[in-house]
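Structural characterization, general
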Amino acid sequence: QVQLVESGGGLVQPGGSLRLSCTTSGSIGSIYTMGWYRQAPGKQRELVATITSGGSTNYADSVKGRFTISRDNAKNTVYLQMNSLKPEDTAVYYCKFTNTRQYWGQGTQVTVSS
């Protein structure tokens, strides 16, 4: 069983930055994929970025060049560094862990507004 806890969300002005953290607990194994997804009101949840246990990353076109996903194995934590934030980035951001199953965090609100 894997548990995920997100943190780091908040209110930021356009052009600003935030770093989200997702701390995992439980037996995660050695082969897995971690990802960040987001969901705005009235919209479907969408992929933001993923990172595999091998270190490969993937990003949605809308965040390429602005967001960076990274991992700290010693701290059992995955990060999403978000730069040059735009109002359209406003959403609840969810951490996802996948091995043979899928696990979701509780979500953290990110609001980009002036």
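As a starting point, this report considers the structure included with it. Just so you know, these numbers come straight off a predicted model, no measurement behind them.

1. As for the environment of S7
- For S7, the position within the fold is in strand β1 (residues 2–7).
- Judged by its relative accessible area of 39%, S7 is partly exposed.
- Sequence separation of S7 and S21 is 14 residues, and the distance between their C-alpha atoms is 5.2 Å.
- Discounting chain neighbours no more than four positions away, the residues touching S7 are R19, L20, S21 and T108.

2. Here's the deal with the side chain of K96
- Mapped onto the secondary structure, K96 falls in strand β9 (residues 91–98).
- Salt bridges are absent for the buried K96, whose nearest opposite-charge side chain, E6, sits at 12 Å.
- Among the polar contacts listed, one links the side chain of K96 to the side chain of Q102, at a separation of 3.4 Å.
- If sequence neighbours within four positions are ignored, K96 has contacts with L4, T33, M34, G35, Y37, Q102, Y103 and W104.

3. Considerations on the state of the cysteines
- What the rule picks out here adds up to one disulfide.
- The partner cysteine of C22 in its disulfide is C95, sulfur to sulfur 2.1 Å. As the torsion about the S-S bond is roughly -85°, the C22-C95 disulfide counts as left-handed. Of this pair, C22 sits in strand β3 (residues 18–26) while C95 sits in strand β9; the two residues are 73 residues apart in sequence, bridging distant segments of the chain. C95 shares its class with C22; the two are buried.

4. Some thoughts on the nonpolar core
- By size, the foremost hydrophobic cluster in this structure holds 30 residues, and its most contacted members are M34, W36, L80, M82 and Y93.
- Contributing elements (two or more residues each) for this core: β1, β3, β4 (33–39), β5 (46–52), β7 (67–72), β8 (77–82), β9 and β11 (108–112).
- Non-local contacts of L80, meaning those with residues more than four positions away in its chain, are made with L18, R19, L20, W36, V48, A49, F67, T68, I69 and Y93.

Basis of the calculations
Residues numbered from 1 in each chain as written. Predicted model: local features only at pLDDT ≥ 70, side-chain atom pairs only at ≥ 80, totals over all residues. Heavy atoms only, no water. Helix = DSSP H or I, 4+ residues; strand = E, 2+ residues; numbered from the N terminus. Buried < 20%, exposed > 50% of the residue type's maximum accessible area, 1.4 Å probe, protein only. Contact = heavy atoms within 4.5 Å. Lys, Arg positive; Asp, Glu negative; His and termini not counted. Salt bridge = Lys/Arg side-chain N within 4 Å of Asp/Glu carboxyl O. Polar contact = N/O pair within 3.5 Å; in protein donor to acceptor, adjacent residues only side chain to side chain. Disulfide = S-S within 2.5 Å. Core = buried A, V, L, I, M, F, W, Y, C linked by side-chain atoms within 4.5 Å.

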